[in-house]
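Survey of secondary and tertiary structure
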Amino acid sequence: MKKRLLLFILLLHGISFTILAQEVTVSGKVTDENGTGLPGVSVIVKGTTKGTTTDIEGLYKLIVPNDKVLLEFSYVGYVKQTIEVGSRSGIDVSLKAEISQLDEVIVVGYGEQSTRDAVGSVANVKFENVIESQVPENMESLLQGRIAGVNVQVNSGEPGAAPIVIIRGLAAVTRGGEDVASEPLYVIDGIPILSKATSEFNVTGTNILADIDPSDIENISILRDASAAAIYGSRAANGVILVTTKKGKRGKPQITVSSVSGISLVPQLRNAAGGANERRIKVGLYERYNPDLALPILLSDSLNPYYNNATDWQREVYSTGFTQNYNASIRGAGEFGDYSLSVGHFENKGIAINSKFKRSNILMNNTFYGLDKRLLINTVLGVSSTNNSRRLSLAEPGFTSSLLPAPDSPLLEGFEDQVKYTDRNINNRIRANLNVSYDFFNHFTFKAAGGLDYSRAMRDQSYPEQIVRGDDNDAIDRSSASSLGESQNFILENTLTYKNTINENHYLDVLVGQSLQYSKAESTKASGKTAEESIAENVNVPKAIADGGTNFSAYAILSYFSRVNYIFNDKYLISGSLRADGSSKFGDNKKWGVFPSGAIGWTFSNEPFLSDLSFLNFGKLRASLGLSGGQFDDDYLSQGILQAAAGYGGQGGFTPVWEDGYRNAELTWEQTVMYDIGLDLELFNSRVSVTADYYYKLTKGLLLNTDLPNTSGYVSIFKNAADVLNEGVEITLNTFNVQTPDFTWSTNLNFAFNQNRVTKIGEGNEDIIRDNGRGTIIRVGRPINGLFQFESDGIYQSEEEVPVNPQTGRKLRGWDGKDLVAGDKKLIDQNKDFRIDANDRIFAGDPNPDVVGGFSNDFTYKGFYLSVLASFVVGREIVNTAQLDRLQLGSGFASGNIADLSKFSIWQRPGDQTTYPSINPWNSVAQVLDNDDDYIEDGSYFRLQTVTLGYNFRRDFLNKLKLRSLKVYSTVNNVAIFQNYSGPDAEAVTLSGFDNSDGYPKPRYILLGLNIGL
């Protein structure tokens, strides 16, 4: 018995020894392609639940049953690797970035979602891939050419200027002269920010998004269709742009220091005659058109010291600029949470004298964990200050006769103002928000969020010495103006989310929430003027003629919203949202608006009957329908506007404003109904991806000022009276052309076709001829802001060619009622009344582009990388107003700058076959008219936007320097433009299609950058 027991014990011990002998301990390090350790990588024995994760340095250690098992290494965004243990006890793994972007998590309204599961039209831009491509002044310009359907127009080179961003076509109408853009809603870290539009409360006119350092942005999501955007209800009619700033990531603390500096070069400037050539041209005009008039001394007195002068005033105003940007950050994460702190300073000295934009900023973004990570507390604090200095006039850059000398002279009429004039615009801003979320019952998350966006804007202008020309004597006038504006935006939100996978095939994501937003703004303005001596640069001048005023405005929005996302068997997707907004802005009868949306999707690539299609990696069809809204800027428009008045019997009082003082209780939201059908494909091992969308976007109830009868006591009333339709197709193509260990090449091509037309104007659909002095019309059935011009048919070569009215015997009359003569423009008399007037204008062109897109190529070779980005616009007409302005002389031309007319084909005598009519400065017929369709040109262009060449230093070199990363690069921005347009820049135009290049031309930037990671 004892022998048997002993034998059993020995046998059991032997079995245990054998089992123990088979177990193997494996350890190693998991890194990315650059050799940086990856924390949180899942290391699992294949076919089991046994495994571990890597620590903050990418290290792991795992006991496996035997040396025959397979280890799976997986990490989001990287290709999974499976490795047999074998006889090795140490296994180091380098994970490659995944080509497919299906599992990429994108930010959507009030949450996150994987690209694979999205049924709305959402585009995402990772800013680490684009930050080097341009001057980091604002985030909007970095989006140009990168997203289909997002038209970013940079029509000014002025530091601090705001680009125009339009998503899926323009949908805004106005009677006034200033263009109105249909701007998207911007949400920065969950806080909807105040409108970018310049108003009396934005006293500086500086782009309020320019106070955000693009280096601090993690990614931007663009919600393009109603399904994605309707969760933001009454402010999402023009799309939503969600901005997420950087947070800390698990691993060692990462310190990053970056520096960028460079120069900006002056582009092509105006055609200008100078010196003796200017004098010859001006004398020639006197001799040809007004020989009996005495020449000015400046042109005739050879003893005058200025007679042979030749000052290039454009070069005095414009010169090479300088830009620099510095950013430092520390980011990391641990078991307690994550942290991020960054500071930055940016400065852009413009190419025009006295123009500069500076920004200093600090951003903290921290998250703290508690209760086994069920409790998360996130705080974001951003503080920034910008200073935007401007020159005296953006439209008239100190242009005077080249015969006048530089520098200072009492005879100069413009340039000395540029030197002594100051215009400082300071914006201080604080953005702060606190989010607290708590997970409970495994599937529920409650989140409470509060935010504040505070802005203080100050503007100081001064003209210490400005010469005022008078009939008898010149006077010295000194004036100054100061403005102060404050805006406060508060928001409180509560959301409850339920997420659960039921029986493996059913995934449910339910969101309900409430939001309260209150915004207020106030401003104070003062100005003064005096002839007394003063060195003050604010409103503190002695014996001044002073003026001033204050203003206040506020509004509140209360909202309730919900969303449901459902996925069945990873193939069938359903999403629906509903939001109700109540706003103090709207009429008593229209306070609340309800905005629903719905979408469905079918991931057909997961169907068994398509499993044999080896080239198809992913395919999804989606369709959506929804309603979103828009609201106007004026907080009290529906209530009727009052103004201070003298009152009665000497007592002060208030009276309604005639133009917009009529109370309208029916004034309500602008509404956008949008249909969207989309297709997402990934092909050939995810080397090719295609996204295509068709959309139908009808914006109804746009705000419009409509006339009232005189018996009402008012002039006009604002109504929801206009409708605009945008319809189009968006296509995005991404390809990974070459993917080898040493060399990669990827391409992105995106473009959008859009057709825009007005479908309703008020009750009678009457044309609106805008009051902008250039000729713009809003007409039903036509695109917004159509060019309304005279139709030209050449030049009258002789007196006999001018038509004669058979009833009166009088010749065709021109714009001013005088008879036309040889050398005048031959404009078509459309209504045959023998007079050229406003009734003869026709719809002559569409300034809205048919196609907008971008094309980029990215190359890497070992440590080198090259990025090339181009943007293009096809199918629009624009007006060469720069040419018009140079040819419209006027009788006072002698003292100003003049174009070199020898470079123009100008009519002088009968028989001349020329492009331009006679240019007689004293002829009030004005042969060169603003509304002449001869100056309409093709506004299409292809711009080589940016070229970036850089180098990432190798890991072995970095280890010697004990650095995490080191990168150097050079960027050329605004490289070249290819266009048929005869003006300087086909992009630098207004929304109405008029050349804006003389305002502030767009320079070319050459930048050098350095990025160090510690």
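Residues numbered from 1 in each chain as written. Predicted model: local features only at pLDDT ≥ 70, side-chain atom pairs only at ≥ 80, totals over all residues. Heavy atoms only, no water.

A word on the overall build of the protein chain
Each helix and strand counted, the protein chain has eight helices and 48 strands in total. Of all 1014 residues assigned to the protein chain, the portion counted as buried reaches 50%. Summarising the internal contacts of the protein chain: among those between residues at least 6 apart in sequence, 69% fall at separations of at least 24. Summed over its atoms, the accessible surface of the protein chain is roughly 46,000 Å², and 55% of this surface lies on carbon and sulfur atoms. (Helix = DSSP H or I, 4+ residues; strand = E, 2+ residues; numbered from the N terminus. Buried < 20%, exposed > 50% of the residue type's maximum accessible area, 1.4 Å probe, protein only. Contact = heavy atoms within 4.5 Å. Areas by Shrake-Rupley, 256 points an atom, 1.4 Å probe, with all protein chains shown as cover.)

Some points on the pattern of salt bridges
Close approach of charged atoms lets side chains of opposite charge pair. Considering all chains together, one arrives at 30 salt bridges under this definition. For Arg456, the salt bridge identified is with Glu486, shortest N-O distance 3.3 Å. In this pair, Arg456 sits in strand S23 (residues 444-468) while Glu486 sits in strand S24 (residues 475-502), placing the two residues 30 residues apart along the sequence. Under the relative-accessibility criterion, Arg456 is labelled partly exposed at 29%. For Asp767, the salt bridge goes to Arg779, with nearest N and O atoms at 2.9 Å. Of this pair, Asp767 sits in the loop between strand S35 (743-761) and strand S36 (768-769) while Arg779 sits in the loop between strand S37 (776-778) and strand S38 (786-789); the two residues are 12 residues apart in sequence, bridging distant segments of the chain. A relative accessible area of 35% places Asp767 in the partly exposed class. By relative accessible area, which is 25% here, Arg779 ends up partly exposed. A network of salt bridges, in which partner residues are shared, links Arg168, Arg224, Lys620, Arg622, Asp676, Asp680, Asp693 and Glu730. (Salt bridge = Lys/Arg side-chain N within 4 Å of Asp/Glu carboxyl O.)

Things to note about the sheet that holds S36
Across a sheet, strands are paired by hydrogen bonds formed along the backbone, either parallel or antiparallel in direction. Spatially, four strands are ordered S36-S37-S38-S41 in an open sheet, and the strand pairing comes out antiparallel. Every other strand in the sheet has two partners, leaving S36 and strand S41 (842-845) as the edge strands with one partner each. Where S36 and S37 come together, two bridges link them in antiparallel fashion. Bridge pairing in S37 places Ile768 opposite Ile778. (Pairing = 2+ DSSP bridges.)

Concerning the packing of aromatic side chains
Under the counting rule described, the total for this entry stands at 32 aromatic pairs. Between Tyr286 and Trp922, the aromatic rings sit 5.1 Å apart at their centres with planes inclined by 70°, giving edge-to-face as the arrangement. In this pair, Tyr286 sits in helix H3 (residues 275-289) while Trp922 sits in the loop between helix H7 (881-887) and strand S45 (936-938), placing the two residues 636 residues apart along the sequence. Its relative accessible area of 6% is what places Tyr286 among the buried residues. Its relative accessible area of 26% is what places Trp922 among the partly exposed residues. Looking at Arg782, its charged tip hangs above the ring of Phe843, at a distance of 4.4 Å from the centre. (Phe/Tyr/Trp six-rings, centres within 6.5 Å; stacked < 30°, edge-to-face > 60°. Lys NZ or Arg CZ within 6 Å of the ring centre and 35° of its normal.)

Examining the side chain of Thr386
Locating Thr386 in the fold gives a position in strand S21 (residues 375-389). Here Thr386 falls in the buried class, since its relative accessible area comes to 3%. Once residues within four sequence positions are removed from consideration, Thr386 is found in contact with Ala210, Asp211, Phe357, Lys358, Arg359, Asn425, Ile426 and Asn427.

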